[in-house]
Amino acid sequence: MKLNESGLLIVISGPSGVGKGTVRKALFELEGHDLEYSVSMTTRPPRSYEVEAEDYYFVSESEFKRRIEADAFLEWAEFVGHYYGTPLDKVQEKLAMGKEVVLEIEVEGALQVRKRMPEAVFIFIAPPNKDALYRRLQRRGTETADTIERRVVKAEREFPLAHKYDYIVVNDEVMNAADRVLAIIRAEHAKTERAIYKYNALMGIHQDEDE
Ligand code: 5GP
């Protein structure tokens, strides 16, 4: 498939506690875009403020495993005792309609997407420094000490993987980070490899693929 014949898949990822969920929410509050969020599926119990089908599709472990068997996920990962995955059919549908689809997922899942859909745009959200991330994890208040410790250990393993992404956005201030993500998405649309087919069609240029 030629790149500009389908939509754009944007993967926002990074270590736990970096604030990628907050950056993603801020991104959706910005004006002037038509992004669609891909709601993930998880076996984690809902937090008190979470809404089914808006924050996640909450399912049982057996249901999740059934879907793994049915190859129904673009990617999935086990994260601190629970499963998380991106429903494949919904992403495919939206991309086929030419939409811009945003995933907000942890690092292992992002690397699976990189293999399966290398044309996607991969953005690593980084903390301003390590202490900021640890403070954030501790402040969150929704997790037990054991879960926080496991998330810290996982984050330590994920810091060195930033080089596998197309962009690194430091989450120093949430709105700044969201602005930078939107700027990246806009720039990606103008990339020659994405824009050339439309440009050639407009200009009546018939270019050989390997010219
Ligand atoms: P939380 O339990 O805090 O909502 O999410 C835990 C981690 O799972 C976060 O890093 C979040 O980005 C990630 N996550 C959410 N949905 C998915 C998904 O569909 N796939 C993967 N691989 N990670 C996800």
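To be clear, the structure that these remarks concern was listed above.
Residues numbered from 1 in each chain as written. Predicted model: local features only at pLDDT ≥ 70, side-chain atom pairs only at ≥ 80, totals over all residues. Heavy atoms only, no water.

Engineer: Looking at this structure, I do not really get helix α5 (residues 130-139). What am I missing?
Structural biologist: An α-helix turns once every 3.6 residues. As a result, residues three or four positions apart point the same way. Every buried residue of α5 is accounted for by A132, L133, Y134 and L137. Of the surrounding secondary structure, the elements contacted by the buried residues of α5 are α6 (145-158). Its side-chain oxygen 3.2 Å from the backbone nitrogen of D131, N129 forms the N-cap of α5. (Buried < 20%, exposed > 50% of the residue type's maximum accessible area, 1.4 Å probe, protein only. Helix = DSSP H or I, 4+ residues; strand = E, 2+ residues; numbered from the N terminus. Contact = heavy atoms within 4.5 Å. Polar contact = N/O pair within 3.5 Å; in protein donor to acceptor, adjacent residues only side chain to side chain.)

Engineer: How do you make sense of the sheet that holds strand β2 (residues 35-37) when you look at a structure like this?
Structural biologist: Either a parallel or an antiparallel arrangement is found when strands of a sheet pair, and the pairing is made through backbone hydrogen bonds. Taking strand neighbours across the sheet as the criterion, the five strands line up as β2-β7-β1-β8-β9 in an open arrangement whose pairing is parallel. Sheet topology places β2 and β9 (167-170) at the edges, where each strand pairs with a single neighbour. With direction set aside, neighbouring strand axes in the sheet form an average angle of 25°. Of the pairings in the sheet, the one linking strand β8 (residues 121-126) to β9 comprises four bridges and is parallel in character. Its bridge partner lying in β9, F124 is registered against I168. (Pairing = 2+ DSSP bridges. Axes fitted to C-alpha atoms, helices over the stretch in contact; angles between N-to-C directions.)

Engineer: Can you help me understand the nonpolar core in this one?
Structural biologist: The nonpolar side chains of a soluble globular protein tend to be buried with one another. I10, L27, I123, I125 and V181 are the most contacted members of the largest nonpolar core, which has 27 residues in total. If you list the elements that add at least two residues to this core, you get β1 (8-13), α1 (20-29), β8, α5, α6 and α7 (174-190). With six residues, the top contributor of residues to this core is α7. Leave out the neighbours within four places in its chain, and V181 touches I12, V23, L27, I123, I125 and V169. In terms of nonpolar packing, the next biggest core, distinct from the first, is built from 19 residues, V101, F122, F124 and A126 among them. (Core = buried A, V, L, I, M, F, W, Y, C linked by side-chain atoms within 4.5 Å.)

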